[in-house]
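Survey of secondary and tertiary structure
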Number of protein chains: 2
Amino acid sequence: MTILDWTARFKGTAELPMEVRERLNKSAHVTQIKTGDQVFGPMNIPDSLFFLYEGRIRVSQTSDVGREIVLYRIEAGDSCVLTTACMLAEEAYNAEGIAETDVTVVVLPKPAFDRLSSEEDAFRNFVFAAYSRRLIDLLRVVDDVAFGRIDVRLAERLLTLGDGLKEVRATHQDLASELGTAREVISRVLNDFQKRDLIEQSRGLITFKDKAGLRAIANFA
Amino acid sequence: MTILDWTARFKGTAELPMEVRERLNKSAHVTQIKTGDQVFGPMNIPDSLFFLYEGRIRVSQTSDVGREIVLYRIEAGDSCVLTTACMLAEEAYNAEGIAETDVTVVVLPKPAFDRLSSEEDAFRNFVFAAYSRRLIDLLRVVDDVAFGRIDVRLAERLLTLGDGLKEVRATHQDLASELGTAREVISRVLNDFQKRDLIEQSRGLITFKDKAGLRAIANFA
DNA sequence: GCCGGTTAGGTGACAATGTCACTGACAATC
DNA sequence: GATTGTCAGTGACATTGTCACCTAACCGGC
């Protein structure tokens, strides 16, 4: 049973008639997930559509030797289509979603999803748009990985992760997993950034000293 | 005006009631595209959904320095959701689709698409499934590019391109564009393959001598 | 045939990135 | 302060990407 009216949070549901929203509030249920917990993964493929009510989920892929790369992040108000994608395609995959913050998820069972996407244009468009965003995200990842330099990519990612902040709390290994590279590579580049007075480092913490300088590197490519 | 009944070709339409299919045959129109022509691209974003009736389309992405990588291929019976994805997301992208063979495309205008995806479950599921396949394809590309060795990737790709054949007609540059790498790299690896008696080379042509050996390399990772 | 232009492919030097093995630094805990 | 685990630094080396330049094969015309 649901207390909060989550339907207001999502573009695809906020515009629906009140009676539909009430029906939805009944058929979906709300779950809490704690920071660091897995939302979905290769062993844990849900048969429902996820809506992220609050928090942030990091979706990443892991190679068979254990290296990791972050594919994209799901923010509040967005839906997670990857799991449904894999469901539909009935294919193995090795992406997983990790809650980066405490997360509130709305789980919509497949029957309700089907009915809704057939009856409500707004909802269907919302879902299509979600798919589209993910496709575009992945195009960007492919472009970065295939053609980008890592100093550029690292500068970009640092600025994104530390947007509006003075520092980024992350180990070199964390950053390596963001970009799908090795820790040593991150160490090298960060040391270079430090020599150029763009950042300061301490254990698990990177402090900005010259964001403009980093932006110059990030925008270079 | 359409002569052929293309609706039989697609999972999402073949099962529809006859009267719906007849309506579809009227609202969509069929286009021919010649080998090598661009089906869509950054400068040419159509506002319709594509169905590939016959032929094959290669979807690739180009870096800003001109290097290219093949993302996936669209085969007959499949639909092309990337263009609609980009339409919906209203974002720039730099993927393009090239006809690899002479191609017959069914173009379904957006209004018809909307009506159909709301009224017909089979059609909607077909479209969702198409999105899913593309997402999965891209996950695979990311995995390959981020974590794969190129000798492995090249062996794989050669076997795919030459499936059931004795040879592959492609220049080193073509293969480089398949994998998103540089021609010199392909040359090196192919020379290595040749030294190991896995292939023979001549201008624009690679002949298999030991497919099992290639498979061993391809499956290694 | 020959000639000249175009394209495909080869090569070596070097730069960038990834891998490996090992080391030391730091923090938490007992 | 000794122990333990995590984090980061380092040098050697392998792989991959870049650059400049070269040669070989093909193609069209004559």
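Residues numbered from 1 in each chain as written. Chains lettered and ligands numbered in written order. Predicted model: local features only at pLDDT ≥ 70, side-chain atom pairs only at ≥ 80, totals over all residues. Heavy atoms only, no water.

This brings us to helix H5 (residues 121-147) of chain B. Between the first and last C-alpha of H5 of chain B there are 38 Å, a value that for 27 residues agrees with the 39 Å anticipated at 1.5 Å per step. With respect to burial, H5 of chain B is a largely interior element, 21 of its 27 residues being buried. (Helix = DSSP H or I, 4+ residues; strand = E, 2+ residues; numbered from the N terminus. Expected span 1.5 Å × (residues − 1). Buried < 20%, exposed > 50% of the residue type's maximum accessible area, 1.4 Å probe, protein only.)

Residues and elements named next belong to chain A. This structure, assessed with the given rule, holds 38 salt bridges over all chains. Its salt-bridge partner being Asp 78, residue Arg 133 comes within 2.9 Å of it at the nearest N-O pair. Of the two residues, Arg 133 sits in helix H5 (residues 121-147) while Asp 78 sits in the loop between strand S5 (68-75) and strand S6 (79-80), which places them 55 residues apart along the sequence. Between Asp 151 and Arg 149 there is a salt bridge, with the nearest N and O atoms lying 3.3 Å from each other. (Salt bridge = Lys/Arg side-chain N within 4 Å of Asp/Glu carboxyl O.)

Attention shifts here to the protein's contact with DNA strand C. Around DNA strand C sit 17 residues in total, of which Arg 67 and Thr 181 of chain A together with His 172, Arg 203 and Gly 204 of chain B are the nearest. In DNA strand C, atoms within 4 Å of the protein come from the sugar-phosphate backbone in 55% of cases. The side chain of Glu 184 of chain A places a nitrogen or oxygen atom 3.0 Å from a base nitrogen of DNA strand C. Gly 204 of chain B places a main-chain nitrogen or oxygen 2.7 Å from a phosphate oxygen of DNA strand C. Listing elements by their share of the surface near DNA strand C, those giving two or more residues are helix H8 (183-195) of chain A together with helix H8 (183-195) of chain B. For the surface near DNA strand C, the element with the most residues is H8 of chain B, which contributes 4 residues. Of the residues in the surface near DNA strand C, the class split is 2 nonpolar, 7 polar and 8 charged. (Near = heavy atom within 4 Å. Polar contact = N/O pair within 3.5 Å; in protein donor to acceptor, adjacent residues only side chain to side chain. Nonpolar A, V, L, I, M, F, W, Y, C, P; charged D, E, K, R; others polar.)

The subject of this paragraph is the environment of Phe 51 of chain B. Residue and element names in this part refer to chain B. With respect to the helices and strands, Phe 51 occurs in strand S3 (residues 48-54). Looking at Phe 51, the relative accessible area reads 0%, which means it is buried. Apart from residues lying up to four places away in sequence, Phe 51 is in contact with Phe 10, Asp 78, Ser 79, Thr 104, Val 105, Val 106, Leu 108, Phe 123 and Phe 126. (Contact = heavy atoms within 4.5 Å.)

Residue and element names in this part refer to chain B. With antiparallel pairing, 4 strands are arranged side by side in an open sheet as S1-S8-S3-S6. Strands at the two margins of the open sheet, each flanked by one partner only, are strand S1 (29-33) and strand S6 (79-80). Bridge count for S1 against strand S8 (residues 103-109) is 5 bridges, and the pairing is antiparallel. The residue bridging Val 30 from the neighbouring strand is Val 106, located in S8. The strands that helix H4 (residues 110-119) touches are S3 and S8; relative to S8, the one it contacts most, it runs at about 75°. (Pairing = 2+ DSSP bridges. Axes fitted to C-alpha atoms, helices over the stretch in contact; angles between N-to-C directions.)

A few words now on the protein's contact with DNA strand D. Near DNA strand D you find 16 residues, and of these His 172 and Arg 203 of chain A together with Arg 67, Thr 181 and Arg 188 of chain B are the closest. Among atoms of DNA strand D positioned within 4 Å of the protein, sugar and phosphate together represent 56%. Here a phosphate oxygen of DNA strand D and a side-chain polar atom of Asn 191 of chain A are 3.4 Å apart. Secondary structure elements with two or more residues in the surface near DNA strand D: H8 of chain A together with H8 of chain B.

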